[in-house]
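Chain by chain, the residues run as shown.
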Amino acid sequence: MPLSHRSAEPAPPSPSGCLRIAVLGSTGSVGVNTLEVIAASQGRFVPFLLAANRSTQALIQQAHACRPAWVVVVDSTAASEMSASDLPVGTRLAVGPEALDDLVQSPEVDRVVSAIVGAAGLRSTWAALEAGKTVALANKETLVMAGPLVMRLAERCGGTIVPVDSEHSAIHQALRAGMPAEVARIVLTASGGPFRERSRESLASVTSQEALKHPTWSMGPKITIDSATMMNKALELIEARWLFGVPAEKLGVLVHPQSIVHSMVEFVDGSVVAQLSPPDMKLPIQYALSYPQRFEGVARRFDFSTATRLDFEPPDPVRFPAVRLGYEAAARGGTCGAVLNAANEAAVQGFLDGQLRFTDIAEVCARVLNEHPFQPDPSLDDVRRLDGWARQEVVQWACV
Ligand code: MG
């Protein structure tokens with residue numbers, strides 16, 4: 001399979017020169033950072049649509065601050081608590097996932113930021129790619145669950161995916177230094193999370209409070225737990241496998257506690273090209289919106305006047321068994337990504353609810369992955385069915 005980062009160039013801007021942005025998941029961490037990037041863009045980016053699942057109060061505030069043409073509340077129960085009169089003049093309200101699909105496909109949308117957390121993000125990303133949009137993809141589950149289907153859809157409909165995940169943004173940038181056939185290896189860096197130095201024994205008693213404190217990145221609770229278990233890296237391996245069309249054996253992971261080197265590409269001649277910047281999501285978000293151009297922006301800058309250490313070490317497979325599950329799912333493909341992702345979402349919820357221990361998360365995921373009825377070339381329906389099945393399995397396991 002060829003590397004696909006050169007497949008399609010994003011559509012040109014609207015006649016007025018600005019890019020009209022749909023921000024899906026605007027009240028989450030990536031969404032809030034996206035609005036900062038838009039606000040600082042000097043009119044290059046204009047918010048067209050803001051969508052949230054249930055956070056209506058935050059959405060109303062955002063609408064007053066940036067005055068988009070539309071706000072969409074996906075959850076109809078949450079939407080019933082607000083009315084169109086809560087919104088500023090000129091901003092219209094739409095409700096439900098179908099309305100979101102329709103608006104995302106509108107010709108007035110130039111770029112779609114897909115930042116709805118979890119499996120729920122797949123649907124609207126699919127709608128955007130189906131309409132040939134350029135998607136700034138922050139929702140990694142889309143590619144983890146249905147990578148081959150999503151990449152085929154993008155190719156067929158002329159859609160483009162530019163990753164927002166910092167590692168994949170770094171890889172996307174580094175890949176521009178060579179030809180696809182010249183890539184020898186892709187190395188994803190990992191902060192190692194808050195438990196990088198904890199003993200194996202003490203990991204079983206980790207509390208959700210401890211796990212929710214991330215040393216370098218400020219993110220939502222689900223991804224923060226994933227970072228602590230290193231399941232985040234497992235999901236990112238699968239994401240990279242499909243996004244860049246590289247086989248699993250060309251992918252690697254390296255722990256880099258400073259989170260300055262966001263990932264690297266090694267070419268066949270031995271050159272390693274890396275992307276460096278302080279950890280700040282505004283940079284990969286802006287890159288995904290401005291690509292193939294670069295603009296001045298609001299992301300933090302690297303300070304070359306102070307001494308800086310960059311440390312690297314291989315991840316410990318005994319304390320962080322989740323990483324191996326990522327290699328396995330990336331190598332086997334098929335339904336593995338969807339099953340691992342769903343099992344993990346349910347297990348993280350079980351941990352946050354106090355039903356599972358920290359170390360149970362990777363264990364139950366391994367079990368569900370091994371026992372699932374594997375399909376090598378699933379349809380979207382197969383993926384959805386197994387997603388539900390894997391969640392049930394975890395819930396049952398947690399109750400025993
Ligand atoms: Mg990441």
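I will try to describe carefully the structure that is included in this document. (Residues numbered from 1 in each chain as written. Predicted model: local features only at pLDDT ≥ 70, side-chain atom pairs only at ≥ 80, totals over all residues. Heavy atoms only, no water.)

### What to know about the coordination of the magnesium ion
Here comes step 1: The magnesium ion binds to the protein through Asp-165 (OD), Glu-167 (OE) and Glu-236 (OE), with metal-donor distances spanning 2.0 to 2.1 Å.
Here comes step 2: Motif for the magnesium ion, donor spacing along one chain: D-x1-E-x68-E. (Donors = N, O, S within 2.8 Å, 3.2 Å for Na, K, Ca; no water.)

### A look at the sheet that holds strand 4 (residues 92–95)
Here comes step 1: Taken together, the seven strands give an open sheet; going across it, the order is 4-3-2-1-5-6-7, and neighbouring strands pair in parallel fashion. The outermost strands of the open sheet, each flanked by one partner alone, are strand 4 and strand 7 (160–163). Averaged over neighbouring strand pairs, the angle between their axes works out to 25 degrees when direction is ignored.
Here comes step 2: Relative to strand 4, strand 3 (residues 70–73) runs parallel, the two being bridged by four bridges. Looking at strand 4, one finds that Trp-70 is bridged to Arg-92. (Pairing = 2+ DSSP bridges. Helix = DSSP H or I, 4+ residues; strand = E, 2+ residues; numbered from the N terminus. Axes fitted to C-alpha atoms, helices over the stretch in contact; angles between N-to-C directions.)

### Here's the deal with the pattern of salt bridges
Here comes step 1: For the coordinates displayed, the defined rule picks out 24 salt bridges.
Here comes step 2: Among the ionic pairs, Asp-280 bridges to Lys-282, the shortest N-O distance being 3.5 Å.
Here comes step 3: Between Arg-357 and Asp-360 there is a salt bridge, with the nearest N and O atoms lying 3.2 Å from each other.
Here comes step 4: Accessibility expressed as a relative area gives 8% for Asp-360, which makes it buried.
Here comes step 5: A network of salt bridges, in which partner residues are shared, links Lys-140, Asp-165, Glu-167, Lys-233 and Glu-236. (Salt bridge = Lys/Arg side-chain N within 4 Å of Asp/Glu carboxyl O. Buried < 20%, exposed > 50% of the residue type's maximum accessible area, 1.4 Å probe, protein only.)

### A short note on the sheet that holds strand 10 (residues 261–267)
Here comes step 1: Taken in spatial order, the four strands of this open sheet run 9-8-10-11, and their pairing is mixed. Two strands bound the open sheet, and with one partner strand each, they are strand 9 (251–255) and strand 11 (272–276). On average, each strand axis in the sheet is inclined to that of its neighbour by 20 degrees, with strand direction left out of account.
Here comes step 2: Relative to strand 11, strand 10 runs antiparallel, the two sharing four bridges. Bridge assignment links Val-261 to a residue of strand 11, and that residue is Leu-276.

### Concerning the pairing of strand 10
Here comes step 1: Taking burial as the measure, the seven residues of strand 10 include six buried ones, the bulk of the element.
Here comes step 2: The loop that links strand 10 with its antiparallel partner strand 11 comprises four residues; one of these, Gly-270, has a positive phi angle of about 100 degrees.

### Topic: the pairing of strand 7
Here comes step 1: Burial along strand 7 is two-sided: Thr-160 and Val-162 and Ile-161 and Pro-163, pointing in opposite directions, are all buried.
Here comes step 2: Where strand 6 (residues 134–137) and strand 7 come together, four bridges link them in parallel fashion. Following the sheet pairing, Thr-134 is matched in strand 7 by Thr-160.
Here comes step 3: Taken together, strand 6, helix 6 (residues 141–157) and strand 7 form a β-α-β motif whose crossover is right-handed. (Right-handed = clockwise from strand over helix to strand, strands pointing away.)

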